[in-house]
Amino acid sequence: YEIYLNGLAGQQPPYSTSFAELERVARERLEPGPYWYVAGSAGIGATQRANREAFDRRRIVPRMLRDVSVRDLGVELFGRRYPAPLLLAPIGVQSIVHPDGEMATARAAASLGVPMVLSTAASHTIEEVAEAGGPRWFQLYWPHDDEVTLSLLQRAAGSGYDTLVVTLDTWTLAWRPRDLDLAYLPFLRGTGLAIPFSDPVFRSRLERPVEEDLNGAIIQWAPMFNGRSHTWERLSLLRDNWDGPIVLKGVQHPDDALRAADAGMDGVVVSNHGGRQVDGATASLDALPAIAAAVGDRLTVLFDSGVRTGSDVVKALALGARAVLLGRPYVWGLAVGGEDGVRHVLRSLLAELDLTLGLAGHDGPAGLDPSALEAS
Ligand code: FNR
């Protein structure tokens, strides 16, 4: 009603509530390199499209004459209460779309109590982003130098990040034709390396300071963070050195989810990185039900890839996710309006989720299960 009442007073909303329209405006304002780095995907975009098709294929079946006038979007994750089943997905190098980068995102998220998952590839440091306050989780791109890994974990824990998200699907960058054709990779320009570059152990590995020899630092960074995967046995290093919950991101097979539980992990994010890694991979929403069924209550199942509307959130929750992570749409908000733009995207999605839940006959996330959808 806020928007309609402002309209009565002759005030038009500053941003569109359509995320596709926000993306269009962002595209007009950004250079092709940054725009396509965010919008693009792996290969011919088959999985990015499949992520959306999987949502579009499923339909909510609204129920009537239920008292849903009082609704509560809140959820509990790992013993902590959050205002909604929504988090901001870890997205690196945010300063390529707005000079305030992750700081703006963190402030917007904090103002709404929505957790932000800070990327290892952020353009601001762990400590800077912590100053925004609000619930914060840390996403690890897992280095091949254990002392650097432990230093990152210590810095994150020391700055109040309570949950560790370990991304498994991006141990090397996939074939991304847009970035290749534009020869644009923000990391190679140094953007997105604030976290390793500010790390004392990483810095001790360098022959010359980052400030004097950027290329030398990038050459040191690349093989440490890229090029080969860790293996299941290695998870004990993280388990032994992180006191809070650990969530594995990029899980797409039920057996991998079960192995995560066996390894003492607390959760998984069912995700294909927004279609940016294996083109032709299964749609994330299609992978979700079998994973949720396999792990039961052994793990907390989170979800991302393709979430664009409140209905999408309802569908993912109905199919077994406890909460979802939002990706590209908030980056378009950041690009067009900085902190305000991110807040606008979050408030719009939360309002749409609240209305959709209520109109479908549910008073909160807890009541959702597959029966909320058409039988598939
Ligand atoms: C990402 N993603 C990502 N994931 C991660 O674990 N660490 C990271 O640094 C990044 N960086 C990143 C940059 C950009 C520009 C995008 C678009 C994505 C993946 C992200 O966390 C999430 O899985 C997807 O964005 C979800 O898909 P949608 O919502 O964008 O379709």
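Up top is the structure.
Now for a quick tour of the structure.

Basis of the calculations
- Residues numbered from 1 in each chain as written.
- Predicted model: local features only at pLDDT ≥ 70, side-chain atom pairs only at ≥ 80, totals over all residues.
- Heavy atoms only, no water.
- Near = heavy atom within 4 Å.
- Polar contact = N/O pair within 3.5 Å; in protein donor to acceptor, adjacent residues only side chain to side chain.
- Areas by Shrake-Rupley, 256 points an atom, 1.4 Å probe, with all protein chains shown as cover.
- 1 Å grid on protein atoms, 1.4 Å probe; cavity = no way out; pocket = protein on both sides within 12 Å on 5 of 7 lines; lining within 4 Å.
- Sits in = over half its atoms within 2 Å of the grid points.
- Nonpolar A, V, L, I, M, F, W, Y, C, P; charged D, E, K, R; others polar.
- Core = buried A, V, L, I, M, F, W, Y, C linked by side-chain atoms within 4.5 Å.
- Buried < 20%, exposed > 50% of the residue type's maximum accessible area, 1.4 Å probe, protein only.
- Helix = DSSP H or I, 4+ residues; strand = E, 2+ residues; numbered from the N terminus.
- Contact = heavy atoms within 4.5 Å.
- Phe/Tyr/Trp six-rings, centres within 6.5 Å; stacked < 30°, edge-to-face > 60°.
- Lys NZ or Arg CZ within 6 Å of the ring centre and 35° of its normal.
- Salt bridge = Lys/Arg side-chain N within 4 Å of Asp/Glu carboxyl O.

As a further point, take the site of the ligand. Taken together, 22 residues surround the ligand, and among them Pro-90, Ser-119, Thr-167, Asp-304 and Arg-308 come closest. A distance of 3.0 Å separates an oxygen atom of the ligand from a polar backbone atom of Arg-328. Protein chains shield 98% of the accessible area of the ligand, which is 600 Å² for the free molecule. Judged by the fraction of its atoms near the pocket grid, the ligand is located in the second largest pocket. Residue composition of the shell around the ligand, grouped by class: 7 nonpolar, 10 polar and 5 charged.

Before going further, it helps to spend a moment on the nonpolar core. Counting 108 residues, the largest nonpolar core has Leu-118, Phe-138, Leu-238, Leu-288 and Phe-303 as its most contacted members. With 13 residues, the single largest contributor to this core is helix H16 (residues 328–359). For Phe-303, the contacting residues outside a window of four places in its chain are Phe-55, Val-269, Val-270, Ser-284, Leu-285, Leu-288, Ala-316, Ala-321, Ala-323, Val-324 and Leu-325. Residues Val-75, Leu-77, Leu-302 and Ala-323 belong to the second largest nonpolar core, which totals 13 residues.

Moving on, we get to the packing of aromatic side chains. Evaluation of the coordinates by the stated rule reveals 10 aromatic pairs. With a centroid separation of 5.9 Å and 55° between ring planes, the pair formed by Phe-78 and Trp-137 is classed as tilted. Taken together, the residues span a long stretch of sequence, with Phe-78 in the loop between strand E1 (75–77) and strand E2 (80–82) and Trp-137 in strand E5 (residues 136–140) at a distance of 59 residues. The class for Phe-78 is partly exposed, based on a relative accessible area of 25%. Members of the aromatic cluster, each reached through a chain of ring pairs, are Tyr-37, Phe-187, Trp-221 and Phe-225. The side chain of Arg-178 reaches across the aromatic face of Trp-36, ending 3.5 Å from its centre. Over the ring of Tyr-37 we find Arg-276; its NZ or CZ atom is 5.0 Å from the centre of that ring.

With that out of the way, let us pick up the pattern of salt bridges. Throughout the structure, instances matching the rule amount to 22 salt bridges. Between Arg-57 and Asp-286 there is a salt bridge; the shortest N-O distance is 3.1 Å. In this pair, Arg-57 sits in helix H4 (residues 46–57) while Asp-286 sits in helix H14 (residues 284–295), placing the two residues 229 residues apart along the sequence. On the accessibility criterion, Asp-286 (30% relative accessible area) is partly exposed. Salt-bridge contacts for Glu-147 lead to Arg-205; the nearest nitrogen and oxygen are separated by 3.3 Å. Linking Glu-147 in helix H7 (residues 146–158) with Arg-205 in the loop between helix H10 (200–204) and helix H11 (214–225), this pair joins segments that are 58 residues apart in sequence. The network of salt bridges with common partners includes Glu-21, Arg-24 and Glu-28.

Shape is all these values report; function is a separate question.
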